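The lines below spell out each chain.
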Amino acid sequence: MCTAEATASLLQVEETFSACLARIDALILKPLLQAEPTDQKGKENLKLFLLLNDRFQALWNLTEENYRILKQKCSTSESFCIQDIYTAWKGDLFLNLYIQYFVTFTNYVVVHGFEHAAKSKSEAWKHHKTVLKQFLTDFTSETSMSMALYTVLHKPIRDHIMQYILLLTKLNEVLKEGSEKDVVTSAIKEYMKLESFVSQVLDEACFTKSLWKSLGYKFTDMLCVPERRLLEDSKNLPISASTNRSDRILLFDDVLVLIQGNSFQSFDLKLVWVDENCRKKSAPGLYGLRIVTPEETFFLSAKDPQMKAVWQWKLNQAVRQALNGKRDFPLWGKTGEGTEPPSCRFFTYVFKLEGKFKSASYEGEWHWGKPHGKGTLKWRDGRNHVGDFKEGLEHGFGICLVPRRSEDRYDCYKCHWYKGKMRGYGICEYGNDTVYKGYFKDDMRQGFGILENCSAEHPFKYTGQWENDKKNGYGVWEDKDRGERYIGTWLDDHKHGQGIVVTQSGVCYQRTFHADKMVGSGILLLEDDYIYEGNFTEDLTFVGKGKLSFANGFILEGTFTNKSGQGLQTHGILNTSNEQLDDRITKAQLGLEDFPVEKRWKGIYDQFLEFIHSGCKEETEESFMGFHIQTSKELRKSQEYLFCQRGTEDVSWKIEEILEEVVQHQGLESLPSYLEKALKSSLHPLGKLLKALTIAFQATYSGIGANKHLLTMAQEEIKYYAKKIWQFYQGLLRLALEQKGQLPEKHVEEDISDQKACSMVLPLILPCFYPELFMLYMLYHEREDDLYCQGIMDLSLFPDIKLLEFLDVQKHLWPLKDLTLTTNQRRSLIKDKCFLSATECLQKLITTVDPREKLVILQKTYKEIESTVSRVVEKDYKLPMDDLLPLLMYVVSRAKIQHLGAEIHLIRDLMDPTNQGGLYDFLLTALESCYEHIQRMRLHQRENCHVTHSS
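The shown structure was predicted, so the numbers you read here are calculated from the model rather than taken from an experiment. Residue numbering note: each chain is counted from 1, following its sequence as written. In keeping with the predicted nature of the model, local features appear solely for residues at pLDDT of at least 70, side-chain atom pairs appear and are counted solely at 80 or more, and the whole-chain, interface and lining totals rest on all residues. As a rule here, side-chain values cover all heavy atoms of the structure and leave hydrogens and water aside.

Chemist: Honestly, the packing of helix H24 (residues 836-843) against helix H26 (residues 881-895) in this entry has me stumped. Any pointers?
Modeler: Between two packed helices, the angle of one axis relative to the other and the distance separating the axes together describe the packing. Each axis is a line fitted through C-alpha atoms, taken for helices only over the stretch in contact, and angles between the N-to-C directions span 0 to 180 degrees. Here a helix means four or more residues in a row that DSSP labels H or I, a strand means two or more in a row labelled E, and each is numbered from the N terminus. For the pair H24 and H26, the least separation of the axes is 9 Å and the interaxial angle reads 60°. On the basis of their axis angle, the class for H24 and H26 is oblique. Seen from above, H24 lies across H26 with right-handed handedness. Contacts between H24 and H26 pair Ala838, Thr839, Leu842 and Gln843 from the former with Val891, Val892, Arg894 and Ala895 from the latter. Side-chain classes follow a simple rule in which Ala, Val, Leu, Ile, Met, Phe, Trp, Tyr, Cys and Pro form the nonpolar group, Asp, Glu, Lys and Arg form the charged group, and the remainder, Gly included, forms the polar group. Partitioning the contact of H24 with H26 into residue classes produces five nonpolar, two polar and one charged. By definition in this entry, angles of less than 35 degrees are roughly parallel, angles greater than 145 are roughly antiparallel, angles of 65 to 115 are roughly perpendicular, and the rest are oblique. Take the far helix as your reference; a near helix turned counterclockwise from it by less than a right angle gives a left-handed crossing, and one turned clockwise gives a right-handed crossing. Any two residues whose heavy atoms approach within 4.5 Å are treated as being in contact.

Here you go:
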């Protein structure tokens, strides 16, 4: 058969088929469409029949169009090619219309549509019954009308598909190898699949229709829908569910149904998982399958392995096709191809059974019957949780909204979760305008955290330890209304134990508290440098026995009373034997014994220690170390950063790479630069730790907390920070080496470890705390710096030569060549020209915060002085101490560094211990001598003035 013959044969087939469709339309469809059903069932069936008619008309139109094209080709063209045979060339169009028709046809069959149609009371329908008998060649008097309709509306169409296959097969036999033959071969395969598909959907429809007939109305009304197909029935292929679970099991293409008595349970196949390797031991002689659904798990048992295998295969196929949203083509024609449905899915489900999620709707990812991955939970009461889930529970980062019953507001929790409960770092914005930033455990605030309310009538901020959702342990409370800050211990949300209160006016005191009330005696430090030791009231009134120490050294000891209208009264002894300023009084330090530095901010260190002990897993990094994130916007960005594309930083964000770099840079040469980068990075664990410590330090010592009586507390706290950061670095290094299978170095003695922390880490972290720390140093040395500044002002009045003479600098060391004169100048009046390079060098002392760099500047100043002297005497000259001090004092007086006392003591307190006794120590001592000498000069000047006035 050539292409021309095939075209002619196809033309004849299409003509015959089109005529057949025309008779079906006239004799069956049109009469039935004139029926007007009165009952609800009839109306639903009519809608379905209208859709079937639409599919029929589309099929008929396609046949007519194909017939017209073929006829036109036959009449106008002598040569034919495969493109002229639309049945093969545009096979997809034909296949889709045939599939749509038979799917709609079987939907009508399933709901007993033809049975209802056969009972139509339409007059037009009654007149066509005789013609229908003639049309149906195999029609007999015993055949039911519904069966006749069923046959007429599918058999001619199905036969036509077979004619397509026959014609294309004959054509394929005569075609030569090539693209045209490939097209025809492919078309034949698709039409054969179509034939198989038609056969299967008709069988399924009849199988399903029989089931609806056998079940009672209660089940049919609730389960019967046109699109649903029965795939297997335990009555046909025996299998049983768990004990007393069901009498009958029905597998449909969308649900699995268990029937027991007059009730049933249905399970959406999209959320059904089939496990053939169930651990539960079946009864002897039985073979089981475990069926997992969102809220229930049960077992199916078969009597032989073949039966179990069939059920397992059909269940998996049904689940897979349900997930795909369409049936296979043909229905069971892909054996072995993707038979296993995916274990991870995305779906929406409403929980029904009692439990944490009752009545909640979950939309998101699933794994073996449980929410797993990213999803959203919504409860009817307005609660809402969006985030990560693991094995059916909230696990990972999530955002939870909880409505407040009494107000139209929400509490918003943005934090990490562990096995269904809040755990790790989070930011919670409560409906009452209060915000908590800190750690959680088991849904309660636990560990280090900050609670703040800026917009309330009484704004406050608490920074410190939490336990069981309450303030417990060491913490700092700031009452912004009263202008007070409490630094001390807490118990169950109350000030309890030792505490320091610092006020905006500069007054501070230390007392013992019990449930927010002051008890016992305490120490009160007044702004005029008076100290009161004894009992006093909340308004700072002295009561009972006490001792008042004055700044000039006088001491008043006795009993104090404060009667209304009579002011403060006392009965006691005034000791005036000591008539000089007492540093023990003016510079008293609080909190050193009562708040050991090791017990402060334990909640911060615990999180980082736990992170290292957990093996530094990347997925838990933000949970343990999220405190570098201080706003909800930052937290959201941080999560996007974790789960989306990352940017680039000097320090890697991946914990594996961080551990690798820790090993690479453990040598003394590269370690300082690596630590500097790590501490500056907000993505490195050490950088995150430093950020949290900075927040705690600022909460204590900035603003109201800037009080000179807290300097030693702050100073030892910073040193301890350096020690802990060094310890955590060593912990990271130890972990990295262990993961590489290498043995870490032997334990380093604590003294050596402290020394390394001070020399290597302290200078790197000091810039973070410097503003608050230096303010404390300035306040602490305010009196001495005032005296020094007045002395500098006096010395600045001297011209250079007079000042050199006044300071007893030997004349042969005077750099007179530097005093360039103009015509109107006298050498004796020139100022700020001698030792200018040394003066400018020393002025750089205030440009850095690093004690090491300050000492280097001091050394360079010394070298500049020596260099100038060597130039004057025209030879290398090493300054002896007797010459150095006057020259250094000259340079100090000309440098005019405002808070030199604070600078000197900061360097002394925080310098590397290894520098003690060396050149740096010597130069710092010389600078201290100059500073003290300038103070004494001013003090003697004051005393002399006082004596003169007295005379």
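Moving on from the coordinates now.
Chemist: For this particular structure, what's the right way to read the pattern of salt bridges?
Modeler: Pairs can form between side chains of opposite charge once their charged atoms are near each other. Only one rule defines a salt bridge in this text: a Lys or Arg side-chain nitrogen within 4 Å of an Asp or Glu carboxyl oxygen. For the structure on display, the rule yields 38 salt bridges. Among the salt bridges present, the one from Lys471 reaches Asp493, with a minimum N-O distance of 3.4 Å. Taken as a pair, Lys471 in strand S19 (residues 470-479) and Asp493 in the loop between strand S20 (484-491) and strand S21 (494-503) lie far apart in primary sequence, 22 residues in all. Partly exposed residues are those whose accessible area sits between 20% and 50% of the maximum for their type, while under 20% is buried and over 50% is exposed, using a 1.4 Å probe and protein chains only. For Asp493, a relative accessible area of 30% translates into the label partly exposed. As a salt-bridge pair, Arg852 and Asp850 come within 2.9 Å of each other at their nearest N and O atoms. Through salt bridges with shared partners, a single network forms among Glu204, Asp253 and Arg327.

Chemist: Can you walk me through the sheet that holds strand S3 (residues 248-252) in this structure?
Modeler: Across a sheet, paired strands are connected by hydrogen bonds in the backbone, their directions being either parallel or antiparallel. DSSP bridges decide pairing: two strands pair if at least two such bridges lie between them. Read across the open sheet, the four strands follow the order S1-S3-S4-S5; overall the sheet is antiparallel. Of all strands in the sheet, those with a lone pairing partner are strand S1 (230-233) and strand S5 (263-268), marking the two edges. Mean inter-strand twist for the sheet, computed between neighbouring axes without regard to direction, equals 20°. Across six bridges, strand S4 (residues 255-260) lies against S5 in antiparallel orientation. Each bridged residue has a counterpart across the sheet, and for Val255 the counterpart in S5 is Asp268. The strands touched by helix H10 (residues 179-214) are S1 and S3; relative to S1, the strand with the most contacts, the crossing angle is about 60°. Helix-sheet contacts for helix H12 (residues 305-324) involve S1, S3 and S4, and the interaxial angle to S3 is about 40°.

Chemist: What's the story with helix H22 (residues 782-795) in this structure? I'm lost.
Modeler: With 14 residues, H22 extends 20 Å between its outermost C-alpha atoms, agreeing within 8% with the 20 Å of an ideal straight helix rising 1.5 Å per residue. By the burial criterion, the buried members of H22 are Glu784, Asp785, Leu787, Tyr788, Gly791, Ile792 and Leu795. Seen along its axis, H22 keeps its buried residues to an arc of 160°; they face one direction. Helix span is expected to be 1.5 Å times the residue number reduced by one. In this description, one arc is meant: the one made by directions from the helix axis to the C-beta atoms.

Chemist: Help me understand the confidence of the model for the chain, please; the structure alone is not making it clear to me.
Modeler: Keep in mind that low pLDDT regions are not for reading the predicted coordinates in detail. Looking at any residue, its pLDDT shows the predictor's confidence there, from 0 to 100. Put simply, the chain has an average pLDDT of 84, and 86% of its residues get 70 or more. Here residues 138-142 is modelled with pLDDT under 50, and outside its nearest four sequence neighbours on either side it reaches two contacts, counting other chains as well. The model gives residues 946-951 a pLDDT under 50, and that stretch makes zero contacts with residues more than four places away or in other chains.

Chemist: Help me understand helix H14 (residues 602-613) in this model?
Modeler: Two residues of an α-helix separated by three or four positions point the same way, owing to the 3.6 residues in each turn. The terminal C-alpha atoms of H14 lie 16 Å apart, and with twelve residues this matches the ideal 16 Å at 1.5 Å per residue to within 8%. Turning to H14, its buried residues number three or more, namely Gly603, Ile604, Tyr605, Gln607, Phe608, Phe611 and Ile612. Positive phi shows up at Gly615, right after H14, with a value of about 95°.

Chemist: Teacher, can you tell me more about unusual backbone geometry here?
Modeler: With the exception of glycine, the majority of residues adopt a negative phi angle, and the majority of peptide bonds are in the trans configuration. Positive phi, close to 50°, is recorded for Glu391, a residue that is not glycine. Topologically, Glu391 is positioned in the loop between strand S12 (384-390) and strand S13 (393-403). What makes Glu391 exposed here is its relative accessible area of 56%. The backbone phi angle of Asp808 is positive, close to 65°, even though this residue is not glycine.

Chemist: Explain the pairing of strand S22 (residues 508-514) here, please?
Modeler: The side chains of a regular strand alternate, first on one face of the sheet and then on the other. Summarising burial for S22: five of the seven residues are buried, a large majority. In terms of strand pairing, S21 meets S22 through six bridges, oriented antiparallel. Pairing of Val501 across the sheet is with Tyr509, part of S22. Connecting the antiparallel pair S21 and S22 is a turn made up of four residues, with Gly506 showing a positive phi of about 105°. Here six bridges tie S22 to strand S23 (residues 517-525), and the two strands are oriented antiparallel to one another. Its bridge partner lying in S23, Gln510 is registered against Ile523.

Chemist: In this structure, what is going on with the side chain of Arg248? I would like to understand it.
Modeler: Structurally, the position occupied by Arg248 is in strand S3. The exposure class of Arg248 is buried, given its relative accessible area of 11%. As used in this structure description, the phrase polar contact means that two N or O atoms lie within 3.5 Å; if the pair is within protein, one of them must be able to donate a hydrogen and the other to accept it, and residues adjacent in sequence are counted only when both atoms belong to side chains. A distance of 2.5 Å separates polar atoms of two side chains, one belonging to Arg248 and the other to Asp233.

Chemist: Sorry, what's going on with the packing of helix H19 (residues 685-701) against helix H20 (residues 711-739) here?
Modeler: Interhelical geometry of H19 versus H20 gives an angle of 165° and a closest axis separation of 11 Å. The pairing of H19 with H20 is recorded here as roughly antiparallel in orientation. H20 is crossed by H19, and the crossing has right-handed handedness. Contacts between H19 and H20 pair Pro685, Leu686, Leu689, Leu690, Leu693, Phe697 and Tyr701 from the former with Met713, Ala714, Glu717, Ile718, Tyr721, Ile725, Phe728, Tyr729 and Leu732 from the latter.

Chemist: How should the packing of aromatic side chains be read in this particular structure?
Modeler: Both the distance between ring centres and the angle between the ring planes are used here to describe each pair of aromatic rings. Note on aromatic contacts: the rings of Phe and Tyr and the six-membered ring of Trp form a pair at centre separations within 6.5 Å, being stacked when their planes are under 30 degrees apart, edge-to-face when over 60 apart, and tilted otherwise. Overall, the coordinates contain 53 aromatic pairs when judged by the stated rule. Measuring from centroid to centroid gives 5.8 Å for Phe219 and Phe264, while their planes differ by 70°, and the two rings are edge-to-face. Residue Phe219 is found in helix H11 (residues 217-223), and its partner Phe264 is found in strand S5; the two are separated by 45 residues along the sequence. Between Tyr349 and Phe351, the aromatic rings sit 5.3 Å apart at their centres with planes inclined by 90°, giving edge-to-face as the arrangement. Tyr349 gets classed as buried once you look at its relative accessible area, which sits at 18%. Here the basic side chain of Arg423 rests over the ring of Tyr418, its NZ or CZ set 4.3 Å away from the ring centre. When the ring centre of Phe536 is taken as reference, the NZ or CZ atom of Arg511 above it lies at 4.5 Å. We call a charge positioned over a ring when the NZ of a Lys or the CZ of an Arg lies within 6 Å of the ring centre and within 35 degrees of the ring normal.

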